[in-house]
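Okay, here's what each chain looks like letter by letter:
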Amino acid sequence: MDKHSIAMKRRSFLLGASGALGLAFTKTAWAQTSSGSGGTLRVAVTKPAGDLNPHKFAGLWAAQDLMFEPLMNYGPGGEIMPCLATAWLLEDAGKTLKLTLRENVVFQDGAPFDASAVKWNFERWIGLDSSSWMNSSRLYKSLEIVDDHHVTLHFSEPPLGLLQELTYIRPVRFLSPKSVAADGAYVAPVGTGPWKQKLASESGSVFERFDAYWSEKPGFATLELKVLPDSRNRMAALRAGDIDLIGGAYVSPLTATEAQTLKSAGVDVSIKPGTTTLVLGFNHDHVAALKDPLVRKAINVGIDRAAISQVLYRGYAEVAANLFATGVPMSGTRYDVPAMDPQAARDLLEKAGWTGDGIRTKDGIPLAMEIIVSEEQIPGSRSVAEVLQSEFREIGIDLSIRSVDHASRHSDIPARKYDLAFFLTYDAPYDPFGSVVGMFLSTYDNGVDGKLFMDADNLDPLVAAAMSASEADMQSSLQKVYDWLHENAAIAPLLYVPSIWAHSERVAGFKGPATEYDLPYEHITLVG
Amino acid sequence: MISLISKRIWQSLLLLFLASVLCFSLVISAPGNVAILIAELRSPIVSKEDIAKVAEEIGLNKPLPLRYVGWLGDAIQGNFGISYKTGEDVGESLEKRLSITATLIAGGAAFALMGSLFLGFVGALYAHRMPDYLARGAALISASTPSFFVGALLVYAFSVALRIFPTFGYGGPISWVLPWTTIGLLPASVLSRVVRVGLEEAMARPYVLTAMSKGLTRSQILFRDAMPNIIPTYLSALGTQVGVMVVGAVVIEPMFAWQGVGELFLTGVRFRDFMVVQACLLIFITFFIVVNLTVDVGMMLTDPKLRRQRS
């Protein structure tokens, strides 16, 4: 054996050994990173949990929902269910709310949940300017402690949707009065919920089960929120087993295309009808042609909703004719979804006086309008706008598309600098009142969310009547609003946005949440 | 030499100032009103009065030159202001995140350095033979593939299919491998061509013939004689590529859920968080200028001709 061959052998051995060592290192390290997940549900979120003060509006909904509980829960189909209040009674035509509080409930720091804790919490938000968008806050008069487990709330007028408001995540949920600084400043997130925060950083949060929780405890010991801003990475992490749960509109959104990709890769995907509606809004203040109901009707019948459902949601979204899906309480009588009929649309435009071949004109003015789209608001909306552009051209309307980012949309929508735009209704538990009042009542400042349609003379009285209707007349009053919108083609509901979630094979018993603001961990058990 | 370096430092400072003015102008001229976004954080429904109040609070109503001078004065003292979105001190956020981005760029640069030298030498050593063609092909494919796609492929192959590396996180060396490879692959490919072409040119010089006549092997000549001749060119190209990696960090950090400066910058841009965007841009520009300055000095040290010419 010559010297050279010995050198070669030594080199080969070293190469082989280092390779084997490298592989062993990677396997061991990998085992270390993935071990210890037994009993831990890992959920992907798009951003850090942030400031979880339940009386502020900055934190991640899902994280707040884990720790803080309301008086009532919003159940499937809008059913109001007991939580920290076991019973309630509306008296004095809705101006008085008598609450019976749950006994033997403690905050995670040991402080008792009682009438004084309720009063202390209410005083941190009710009646303040920052909460004036809620009827309960705007119309609040006083709170009276009857005894340790009974409180009575008084309002100047009956607040519309009061019980629904008390199910919101913020600012109505309960923080431990013991957890704040001497001056009352918020210090740490301490609630009565089944999870307490153990760690929080920019890369995620860790929650551990609260053993003194008053109700059924979660089926696993730890819940981790992992910040994964990139949707492709979230999907890969789920497939690789690094994450157990993704989805939801506000947790870690999953598009229908992504859901389909995961489904075809064998991942468990849950797609259910949601409670948000995608609506095309008309700004008749900006385009005179849109003042004419015939033009709006023409647009309504000139749209192929099934194609939009296909483009945005791979056909998973149900096409819409109503403002609200059936999952929203008091969503009203169902209307027939208009089938796309270009000839009918052209006839309507002719009737409205818009004539000619190609792009129609009236008094020498072409029928042209612009749609504003933000991919950040609705991923894929640019493609939908392109579908509309081609369909509008078919009936003689020139539609141009202006793509903007989130911040620009937030400037242009309240300033009403658009002709057409996509809107999303507020979703449960805020609807139907949130969207009906916020998006249609012209006297109500709806901020950056803007208005879907305004008609001070005809629509406002109907909305006002619905707002002041008694519980018994509420449904019929809202129906009048829906009917007016439908008969005047004031809006073009396109589809009901589905609720999409995907989970790993470790997750058993998954059930979709009642609202997209909740984190659906309750029914989950971990296997393997 | 020292006077040359001090001259370059002054030029760099001037460049930094001009770049900060340009960045400030671009950031404030972007459409959208940050006051609306901030007001939205305070209450879900915001009125026009709320927006006006926020605009007044954060000084959006002040004249632009005043806003710029105020920001620059604070930044020089290390005070980058408060994030409009999170309310956190931007300087503290940057401090926490700088080491993450530095790890990404340093690892990517090391990968690019080793990868490019390996591919370049293989190509030069086996010029116009199969290993050369393979190295060239690999470099061409890698150089033409965008980083986000490379990252997705690597994650799919090594995390989803083989389960060797984690899909995300900054949890130690094992989790650094894929981000380093993703960010370093493109520069490695570009630089390998610099090495390969440089070595080929150097191997055509007369001193190579002399070395061969002395009985040295091709590999010995490549390492000992040709390599030192391509160092200045290589350093210049490496400097440019490392500077460009900052852009890569903006894409790659969110992809692997690394909470670095690139990710902070991206979040800042989306939210119109001027304080964050300005501070990040200033960091990026400073980094770029420092890298170029280092490369210039390095080139002067390694190339006697350049040193004489400049002095």
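Every chain begins its residue count from 1, and numbering advances along the sequence as written. Chains carry letters and ligands carry numbers; both start at the beginning, A for chains and 1 for ligands, and go up in the order they are written. Local features in this predicted model are restricted to residues of pLDDT 70 or higher, and side-chain atom pairs are both shown and tallied only at a pLDDT of 80 or more, whereas totals for entire chains, interfaces and linings draw on every residue. To get the side-chain values, take all heavy atoms of the structure and skip hydrogens and water.

Quick notes on the interface of chain A and chain B
1) Next: Every residue pair with non-hydrogen atoms within 4.5 Å of one another is taken to be in contact. Each partner contributes residues to the interface: chain A has 39 residues there, and chain B has 38 residues.
2) Next: Any carboxyl oxygen of Asp or Glu within 4 Å of a side-chain nitrogen of Lys or Arg constitutes a salt bridge here. For the pair chain A and chain B, the number of links is one salt bridge.
3) Next: Across the salt bridge formed by R97 of chain B and E202 of chain A, the nearest N and O atoms sit 2.1 Å from each other.
4) Next: Pairs of N or O atoms within 3.5 Å make up the polar contacts considered here, provided that, within protein, one atom can donate a hydrogen while the other can accept it, and that residues adjacent in sequence are counted only when both atoms are side-chain atoms. Joining chain A to chain B, the criterion identifies six residue pairs in polar contact (both at pLDDT 80 or more).
5) Next: Helix and strand definitions here come from DSSP, where helices need a minimum of 4 consecutive H or I residues and strands a minimum of 2 consecutive E residues; each element is numbered from the N-terminal end. Sorting the residues of the side of chain A that touches chain B by element identifies α1 (3–34), β10 (222–227), α6 (231–240) and α12 (406–412) of chain A as the ones contributing at least two each.

Remarks on unusual backbone geometry
Residue and element names in this part refer to chain A.
1) Next: Across the junction of R170 and P171, the peptide omega takes the value 5°, indicating a cis bond.
2) Next: If you trace the backbone, P171 turns up in the loop between α5 (162–165) and β8 (195–201).
3) Next: For the bond from D431 to P432, the omega torsion is 10°, close enough to zero to count as cis.
4) Next: Within the secondary structure layout, P432 lies in the loop between β18 (420–424) and α13 (433–440).

Details of a negative patch on the surface
1) Next: Patch construction takes residues with relative accessible area above 30% that form no salt bridge. Like charges are linked within 9 Å, and nonpolar side chains (Val, Leu, Ile, Met, Phe, Trp, Tyr) are linked within 5 Å. Areas reported here follow the Shrake-Rupley algorithm with a probe of radius 1.4 Å; residue values treat only the protein chains shown as occluding. Counted as positive: Lys and Arg. Counted as negative: Asp and Glu. His and the chain ends are not counted at all. Lys charges are placed at NZ, Arg charges at CZ, Asp charges at CG and Glu charges at CD. A grouping of D129 and D445 of chain A together with E49 and D50 of chain B is seen on the molecular surface, where their side chains present a negatively charged patch.
2) Next: Take D445 of chain A: it is sitting in the loop between α13 and α14 (459–468).
3) Next: Three exposure classes are used, based on accessible area relative to the maximum for each residue type with a 1.4 Å probe and protein chains only: buried under 20%, partly exposed in between, and exposed over 50%. By relative accessible area, D445 of chain A is classed as partly exposed at 31%.

Considerations on the confidence of the model for chain B
Residue and element names in this part refer to chain B.
1) Next: Mean pLDDT for chain B: 87, with 95% of residues reaching 70 or above.
2) Next: pLDDT expresses, on a scale from 0 to 100, how confident the predictor is about each individual residue. Element-level pLDDT for chain B is lowest in helix α13 (residues 304–310), with a mean of 70, against a maximum mean of 95 in helix α8 (residues 173–202).
3) Next: On the interface metric, ipTM, the complex scores 0.78, and its pTM is 0.81.

Side note on the pattern of salt bridges
1) Next: According to the stated counting rule, one finds 21 salt bridges over all chains in the structure shown.
2) Next: Because the salt bridges share partners, they merge into one network encompassing D132, R136, R196 and E200 of chain B.

Things to note about the confidence of the model for chain A
1) Next: Across chain A, pLDDT averages 88, with 93% of residues at or above 70.
2) Next: A low-confidence stretch, residues 1–38 of chain A stays under pLDDT 50, and its non-local contacts, those more than four residues away or across chains, total 16 contacts.

Concerning the packing of aromatic side chains
The description of two aromatic rings rests on the distance between their centres and on the angle between their planes.
Residues and elements named next belong to chain A.
1) Next: Ring pairs are drawn from Phe, Tyr and Trp, using the six-membered ring of Trp, whenever the two centres fall within 6.5 Å, and their geometry is named by plane angle: stacked under 30 degrees, edge-to-face over 60, tilted for the rest. Inspection of the entire model under this criterion finds 23 aromatic pairs over all chains.
2) Next: Seen from their ring centres, F107 and F113 are 6.1 Å apart, and the 65° between their planes marks the pair as edge-to-face.
3) Next: In this structure F113 comes out as buried when scored by relative accessible area, which is 1%.
4) Next: On the numbers, 6.1 Å between centres and 50° between planes, the contact of F453 with W484 is tilted. Of this pair, F453 sits in the loop between α13 and α14 while W484 sits in helix α15 (residues 474–487), placing them 31 residues apart in sequence. Taken as a pair, F453 and W484 share a single burial class, namely buried.
5) Next: Three or more aromatic residues joined by ring pairs form one cluster here, namely W61, Y168, Y250, Y430 and Y517.
6) Next: Should the NZ of a Lys or the CZ of an Arg lie within 6 Å of a ring centre and within 35 degrees of the ring normal, that charge is described as sitting over the ring. The lysine or arginine in question, R170, covers the ring of W61, its NZ or CZ lying 3.8 Å from the ring centre.
7) Next: The cationic tip of R409 hangs over the ring face of F423; the distance from NZ or CZ to the ring centre is 5.5 Å.

Focus on the nonpolar core
1) Next: By size, the foremost hydrophobic cluster in this structure holds 87 residues, and its most contacted members are L94, L199 and C280 of chain B.
2) Next: The dominant element in this core, judged by the number of residues it contributes, is helix α10 (residues 218–255) of chain B, at 15 residues.
3) Next: In this structure C280 of chain B touches L94, V261, L264 and F265 of chain B, once residues within four positions along its chain are discounted.
4) Next: Of all hydrophobic cores here, the second largest spans 70 residues; its members include F122, F174, L441 and V481 of chain A. For this analysis, a nonpolar core means a set of buried residues of the types Ala, Val, Leu, Ile, Met, Phe, Trp, Tyr and Cys, connected via side-chain atoms within 4.5 Å.

Focus: the packing of helix α5 (residues 90–125) of chain B against helix α11 (residues 261–271) of chain B
Residue and element names in this part refer to chain B.
1) Next: Axes here mean lines fitted to C-alpha atoms, for a helix over just the part in contact, with angles spanning 0 to 180 degrees between N-to-C directions. Where α5 meets α11, the axes come as close as 7 Å, and the angle between the chain directions of the two elements is 125°. Considered as vectors, α5 and α11 are oriented oblique to each other. Seen from α5, the contacting residues are S93, L94, R97, L98 and T101; seen from α11, they are V261, G262, E263 and L264.
2) Next: Under the scheme applied, nonpolar residues are Ala, Val, Leu, Ile, Met, Phe, Trp, Tyr, Cys and Pro; charged residues are Asp, Glu, Lys and Arg; polar residues are all the others, including Gly. Among the residues forming the contact of α5 with α11, the class breakdown is four nonpolar, three polar and two charged. What sets the label is the angle itself: under 35 degrees gives roughly parallel, over 145 gives roughly antiparallel, 65 to 115 gives roughly perpendicular, and the rest give oblique.

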